[in-house]
Amino acid sequence: MTTAVPAADERLTDVDRFRRLIIRPELGAVAGAVIVFTFFAIQSPVFRSPAGVANWLDPASTLGIMAVAVALLMIGGEFDLSAGVLTGTTGLTLALLTVRFDWNVWPAMAFALVLALAIGFVNGFLVVRTRLPSFIITLSTFLMLQGINLGVTKYFTNTVSVGGIAQAPGYQAASAIFAKSVTIFGTQFRIAILWWIAVTALATWVLLRTRLGNWIFAAGGNAPAARSVGVPVTRTKIGLFMTTAFAAWLVGTILALKLTSVQANAGIGQEFEYIIAAVIGGCLLTGGYGSAIGATFGALIFGMVGKGIVYVGWDPDWYKFFLGILLLLAVLANNYVRKFAEESR
Amino acid sequence: MKPKLRLLAVVAGAAVLAACTAGGGVENSDNTGSGDNNAAGNQSGIRVAVVSHGAAGDKFWDVVKSGAEQAGRDIGANVSYQGSGDPNQQSQLIDAAVSQKVDGLVVSMANPDALQEAIGKAVDAGIPVITINSGAEKSKEFGALTHVGQTESIAGAAAGERMKRDGATKLICVIHEAGNVGLEDRCAGAARTFGGQVENLQVNVSDLNAAGSTIAAKLQSDASANGVLTLNNGVALAAVQAIETAGRTDVKLGTFDLDAQVLDAIKADKITFAIDQQPYLQGYLPVVFLALYKSNANTVGGGQPVLTGPGFVDKSNADQVAEFAGKGTR
């Protein structure tokens, strides 16, 4: 009826470009990565050489794949403490099936994937069903998997590691796709780096361009509200746990094929690195906020600091101290950025 | 005001990083300093990277690190020590050393398969490699110059011989990690030279309390067992208590591995001897070997591993060793 022009909706006002840039959750991690790179590159010519770059991208790649998946999960409002040890479980499954049971590498990988997805499903299902904190549920999965990894490995091999994957049929092809290096401009880069880029791109696209991405933000931001507007929170969360498990399978496979042997304690303790990388990348522990790109840069910082310390020749005894400082700075920066973002609305 | 806060955070971060660099710098100049003192000796000036499977703060590996760094100071080599118990990270540390084009590489191989590719790259790049501690069986195959470490069966044999000399007639060999091949080798070596009966007893090193009660129960139920050989310093101390609990003053206790408490127990006559694989040598010797290889194409060991153990510590030398242990070199 009315023809009056409605007053400008405050939700639609243009936020100026600078603000829009600065309120991106990954800004802190990107800036941190630039600072860390510049810092080490100035001090060590090897660090900035192609061989050096390939070297620090290698640890960043496997960490990055996990950090991106964990970031999605954290945006969805949950944790997965079993993610690290699950990389060991999938690697050990692959190793045991190929070495002890003479399977071809490909079906062994498929079996490990099914197993990982099942574990992810159980994690998610228990979390949404019991409404217990995922911290507790996945802590128990973490402990159980740790026991299974050691127990099963010992049962079949009488030792604490399984080696000899390289002799299994299908190894050459599988390792060419997952574990070997590709030569770019005369330098060998691990193929895992490409997987990392692919995973980051896919996760970013899903988060920012699809309905599923909105569901993830909604489920983590305010689950009851999300439910009431029809977001399938249960399915989203279970899917996120399965995504993390998928990433753990990918990383477990990459490492098993690269090292051709897997230790029963593989991956233990790394779950915290994934979370740290995601937090450096702008994820909030409370959920509903964060980015996949940020987690990737968080992993990049990890890789650069870890190897930078080697190249510069610092005492590695102090490595954890630097990590702690980085984490603190990242969290402070994120906290500040978020407040700034809220003011700008 | 807020942007200032942000700037502050960045500056603070840079300051911390810069402070750390300064710390590293001091250490480096320290190296050159001692190098200068040693100007009469050979100033090799080579760069050696030591990459172990020991995590930072691990007691054993800290002694290896001290040995390697002291060798660097003594012969004027630039030694960097890195360690990670994760085989993937260890292989990446080797990759890093190769990309730095170091003059020599020292690697411990707890998991040889996982390091094969990285070590292969080093060998292909013409970097001489010496393996230490574990992985002796693969050392030659991977193209290393030599291996520096303790052969477990030889060390076990020496322990068995010593137990026999000390008057034990039935020996309990305490294995603290099921499935650890090195431990099995030690007990098998002891059985070979001991002469009398040797029985293996399984305990868990991560639960020393239970380990102690298992050993006590064994001693209470088997009066003929009068020798106990433990393969770890923590288990040795648990065994000291177990022997007291069981009230068996006739039992001789010997152990592998050394620490301050084991030394005290040796001085108090509660432990007869401790076998030391002398981790200091596993850090020191390879650096010297690599310098000799670089400067004079010398190789050591004649294709056999260079043994750093078993070194025996008993009451006769415990005081002396304790003094060095206090300095972190034993």
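Given the structure is predicted, the values throughout are model-derived calculations rather than measurements.

K.L.:
Would you mind going over the overall build of chain A in detail, with residue names and values included?
P.N.:
A count of helical and extended segments in chain A gives 15 helices and 4 strands. The globule rule puts the C-alpha radius of gyration for 345 residues at 20 Å, and the 21 Å found for chain A is close to it. If you line up chain A on its principal axes, its C-alpha atoms span 80 × 50 × 35 Å. In chain A, buried positions account for 52% of the 345 residues. Long-range contacts, defined here as pairs at least 24 residues apart, represent 80% of the contacts in chain A between residues at least 6 apart.

K.L.:
Please set out the packing of helix α6 (residues 105-130) of chain A against helix α7 (residues 134-157) of chain A residue by residue, giving values where relevant.
P.N.:
Residue and element names in this part refer to chain A. Interaxial distance between α6 and α7 falls to 9 Å at its minimum, and their mutual angle equals 145 degrees. As α6 packs across α7, the resulting crossing turns out to be right-handed. Contacts between α6 and α7 involve Ile-119, Asn-123, Leu-126 and Val-127 from the former and Ser-134, Ile-137, Thr-138 and Thr-141 from the latter. Of the residues that constitute the contact of α6 with α7, the class distribution is 4 nonpolar, 4 polar and no charged.

K.L.:
I'd like to hear about the confidence of the model for chain A, residue by residue, with values.
P.N.:
When pLDDT is averaged along chain A, the result is 89, and 92% of the positions lie at 70 or above. The least confident element of chain A is helix α1 (residues 17-22) of chain A, whose mean pLDDT is 67; the most confident is α6 of chain A, at 97.

K.L.:
Any chance you could break down the domain arrangement of chain B for me, citing the residues and the numbers?
P.N.:
By domain assignment, chain B separates into domain 1 (43-150 + 279-308) and domain 2 (152-276). Each of domain 1 of chain B and domain 2 of chain B has a C-alpha centre, and these two points are 31 Å apart.

K.L.:
Any chance you could break down the packing of helix α2 (residues 27-43) of chain A against helix α14 (residues 292-312) of chain A for me, citing the residues and the numbers?
P.N.:
All names here are of chain A. Running from amino to carboxyl end, α2 crosses α14 at an angle of 20 degrees, the nearest separation of the two axes being 9 Å. Our classification of the angle between α2 and α14 gives roughly parallel. Judged by the twist between their axes, the crossing of α2 over α14 is left-handed. Contact with α2, carried on its side by Ala-29, Val-30, Gly-32, Ala-33, Val-36, Phe-37, Phe-40 and Gln-43, involves Gly-294, Phe-297, Gly-298, Leu-300, Ile-301, Met-304, Val-305, Gly-308, Tyr-311 and Val-312 of α14 and no other residues of that element. Across the contact of α2 with α14, the residue classes tally to 13 nonpolar, 5 polar and no charged.

K.L.:
Any chance you could break down the sheet that holds strand β7 (residues 197-202) of chain B for me, citing the residues and the numbers?
P.N.:
Residue and element names in this part refer to chain B. With mixed pairing, 6 strands are arranged side by side in an open sheet as β7-β6-β8-β9-β10-β12. Two strands lie at the open edges of the sheet, namely β7 and β12 (311-314), each paired on one side alone. Neighbour-to-neighbour, the strand axes of the sheet open up by a mean angle of 20 degrees, direction not taken into account. Helix α7 (residues 181-194) contacts β6 (170-175), β7, β8 (227-230) and β9 (252-256) of the sheet and is inclined by roughly 170 degrees relative to β6.

K.L.:
Mind laying out the environment of Ser-261 of chain A, listing which residues take part and the relevant values?
P.N.:
Structurally, Ser-261 of chain A is set in strand β4 (residues 261-263). Ser-261 of chain A sits 170 residues away from Gly-91 of chain A along the chain, and the two C-alpha atoms are 8.6 Å apart. Beyond its immediate stretch of four places on either side in the chain, Ser-261 of chain A contacts Ala-95, Ser-161, Val-162, Gly-163 and Ile-165 of chain A together with Asn-111, Asp-113 and Ala-114 of chain B.

K.L.:
Describe in detail the sheet that holds strand β4 (residues 129-132) of chain B, supporting the description with residues and values.
P.N.:
All names here are of chain B. Ordered in space as β2-β1-β3-β4-β5-β11, the 6 strands form an open sheet in which the pairing is parallel. Whereas interior strands pair on both sides, the edge strands pair on one side only; in this sheet they are β2 (78-83) and β11 (306-307). Bridge analysis of strand β1 (residues 47-52) against strand β3 (residues 104-108) gives 4 bridges, and the strand direction is parallel. Opposite Val-48, over in β3, you have Gly-104 as the bridge partner. The sheet strands contacting helix α3 (residues 87-99) are β1, β2 and β3, and the helix crosses β1 at an angle near 175 degrees.

K.L.:
So what's going on with the pairing of β2 of chain B? Residues and values would help.
P.N.:
Residues and elements named next belong to chain B. In terms of burial, β2 is largely enclosed, as 5 of its 6 residues are buried. Of the pairings in the sheet, the one linking β1 to β2 comprises 6 bridges and is parallel in character. Across the sheet, residue Val-50 finds its bridge partner in β2, namely Tyr-81.

K.L.:
So what's going on with the environment of Val-182 of chain A? Residues and values would help.
P.N.:
Examined against the element boundaries, Val-182 of chain A turns out to sit in strand β2 (residues 181-184). Excluding residues that lie within four positions of it along the chain, Val-182 of chain A makes contacts with Phe-189 and Ile-191 of chain A.

K.L.:
Just give me the short version of helix α10 (residues 211-221) of chain A, but keep the residues and values in it.
P.N.:
The complete set of buried residues in α10 of chain A reads Trp-215, Ile-216, Phe-217, Ala-218, Ala-219 and Gly-220 of chain A. On its buried side, α10 of chain A packs onto α4 (50-75), α9 (192-209), α11 (223-228) and α12 (233-259) of chain A.

K.L.:
Got a sec to walk through the pairing of strand β5 (residues 146-149) of chain B? Specific residues and values, please.
P.N.:
Residue and element names in this part refer to chain B. Both faces of β5 are covered, namely the face carrying Thr-146 and Val-148 and the face carrying His-147 and Gly-149. Pairing analysis gives 3 bridges linking β4 to β5, with the strands arranged parallel. Note on β5: the bridge partner recorded for Ile-130 is Thr-146. Strand direction decides the pairing type here: β5 and β11, joined by 2 bridges, are parallel. The residue bridging Gly-149 from the neighbouring strand is Leu-307, located in β11.

K.L.:
Explain the nonpolar core to me, using residue names and the numbers behind them.
P.N.:
With 157 residues, the main nonpolar core has Met-66, Ala-67, Val-70, Ala-71, Ala-278 and Ile-301 of chain A together with Ile-94 of chain B as its most contacted residues. Those residues in contact with Ala-278 of chain A that sit more than four places away from it in its chain are Ala-67, Val-70, Ala-71, Met-74, Cys-283, Gly-290, Ala-295 and Gly-298 of chain A. With 48 residues, the next largest nonpolar core counts Ala-158, Ala-211, Leu-219 and Ala-265 of chain B among its residues.

Conventions we followed
- Residues numbered from 1 in each chain as written.
- Chains lettered and ligands numbered in written order.
- Predicted model: local features only at pLDDT ≥ 70, side-chain atom pairs only at ≥ 80, totals over all residues.
- Helix = DSSP H or I, 4+ residues; strand = E, 2+ residues; numbered from the N terminus.
- Rg over C-alpha atoms; globule rule 2.2 N^0.38 Å.
- Buried ≥ 20, exposed ≤ 12 C-beta atoms within 10 Å, placed from the backbone.
- Contact = placed C-beta atoms within 7 Å.
- Axes fitted to C-alpha atoms, helices over the stretch in contact; angles between N-to-C directions.
- Left-handed = near helix turned anticlockwise from the far one by under 90°.
- Nonpolar A, V, L, I, M, F, W, Y, C, P; charged D, E, K, R; others polar.
- pLDDT = per-residue confidence, 0-100.
- Domains from an automatic or database assignment.
- Parallel < 35°, antiparallel > 145°, perpendicular 65-115°, else oblique.
- Pairing = 2+ DSSP bridges.
- Core = buried A, V, L, I, M, F, W, Y, C linked by C-beta atoms within 7 Å.

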